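Listed here are the chains, written in short residue letters.
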Amino acid sequence: MFQILLYISLIKQLLMPQEDEYTYEEKLRREILFFLYKEGCWGTHHFPIAALRHRIRIDSELPSNNATKRQIKQLLREELISRYKQYKNIHLNSRKRNEIETKIQDLIDNHYNI
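Below is a summary of the structure that appears in this document. (Residues numbered from 1 in each chain as written. Predicted model: local features only at pLDDT ≥ 70, side-chain atom pairs only at ≥ 80, totals over all residues. Heavy atoms only, no water.)

## Let's talk about the pairing of strand 2 (residues 81-84)
Where strand 2 and strand 3 (residues 89-92) come together, 4 bridges link them in antiparallel fashion. Each bridged residue has a counterpart across the sheet, and for I81 the counterpart in strand 3 is L92. Counted between consecutive antiparallel strands, the loop separating strand 2 from strand 3 contains 4 residues, among which K85 sits at a positive phi close to 55°. (Pairing = 2+ DSSP bridges. Helix = DSSP H or I, 4+ residues; strand = E, 2+ residues; numbered from the N terminus.)

## Comments concerning the sheet that holds strand 3
The strand order across the open sheet formed by 3 strands is 1-3-2, and the pairing between neighbours is antiparallel. With one partner strand each, in any of the chains shown, strand 1 (47-48) and strand 2 form the two edges of the open sheet. Two strands pair when backbone bridges link them, and strand 1 and strand 3 are joined in this way by 2 bridges, in the antiparallel orientation. Across the sheet, the residue bridging to P48 is N89, located in strand 3. Along the sheet face, helix 2 (residues 24-39) touches strand 1, strand 2 and strand 3 and points at about 80° away from the line of strand 3. Of the strands in this sheet, strand 2 and strand 3 touch helix 4 (residues 65-77), which is tilted by about 105° from strand 2. (Contact = heavy atoms within 4.5 Å. Axes fitted to C-alpha atoms, helices over the stretch in contact; angles between N-to-C directions.)

## Comments concerning unusual backbone geometry
In this structure, S60 takes a positive phi of about 65° despite not being glycine. The residue S60 is located in the loop between helix 3 (49-52) and helix 4 in this model. What makes S60 exposed here is its relative accessible area of 72%. Even without glycine at this site, E79 takes up a positive phi of about 60°. Tracing the sequence through the fold places E79 in the loop between helix 4 and strand 2. (Buried < 20%, exposed > 50% of the residue type's maximum accessible area, 1.4 Å probe, protein only.)

## As for a positive patch on the surface
On the surface, a cluster of positive charge is contributed by K69, K73, R77 and R83. The element contributing the most residues to the positive patch is helix 4, with 3 residues. Within the secondary structure, R77 sits in helix 4. (Patch = residues over 30% accessible without salt bridge, like charges linked within 9 Å, V, L, I, M, F, W, Y side chains within 5 Å. Areas by Shrake-Rupley, 256 points an atom, 1.4 Å probe, with all protein chains shown as cover. Salt bridge = Lys/Arg side-chain N within 4 Å of Asp/Glu carboxyl O. Lys, Arg positive; Asp, Glu negative; His and termini not counted. Charge placed at Lys NZ, Arg CZ, Asp CG, Glu CD.)

## Concerning the environment of L36
One can find L36 in helix 2. Relative accessible area serves as the criterion here: at 0%, L36 is assigned to the buried category. On a C-alpha basis, the gap between L36 and F47 in space is 7.6 Å, while along the polypeptide they are 11 residues apart. If we ignore the near neighbours within four places in the chain, the residues touching L36 are C41, F47, I81, I90 and L92.

None of this, on its own, says anything about what the molecule does.
In C-alpha cells:
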C-alpha cells in the first residue's frame, strides 16, 4: 500500500508543472544584474541601455522594451545599478557588491559550473 502511494506521489510531481521560485520581473532583474556582472560593469565601466535590451533572454525569449525599462527603474530605485552619462548607460553599484552577488549567486554558479 505504501509503495502505491509513493508511486502516485512521484507521478504527480512529474506530471504537475513545477512552480518557479521567481516571478518574471524578478527573473528579468536578476538577468540584468548577471549580464552587467559578466561584462564587468562596475564603476566607470558601463553598458548602454539600448544594447542591453537585446542581450537578455528570459525563458528563451526577448523581454519587451517596457518590461526592461521598468525593471531598470526598479534596480535604480534599489540603488543596485547607477546611471552614467546623460542616463544612456548603466553600471553596477560597487558599494552594493555583496548584495548583488547574493541575488545572482545561483546564476554565477551555473555559468562557471561550480
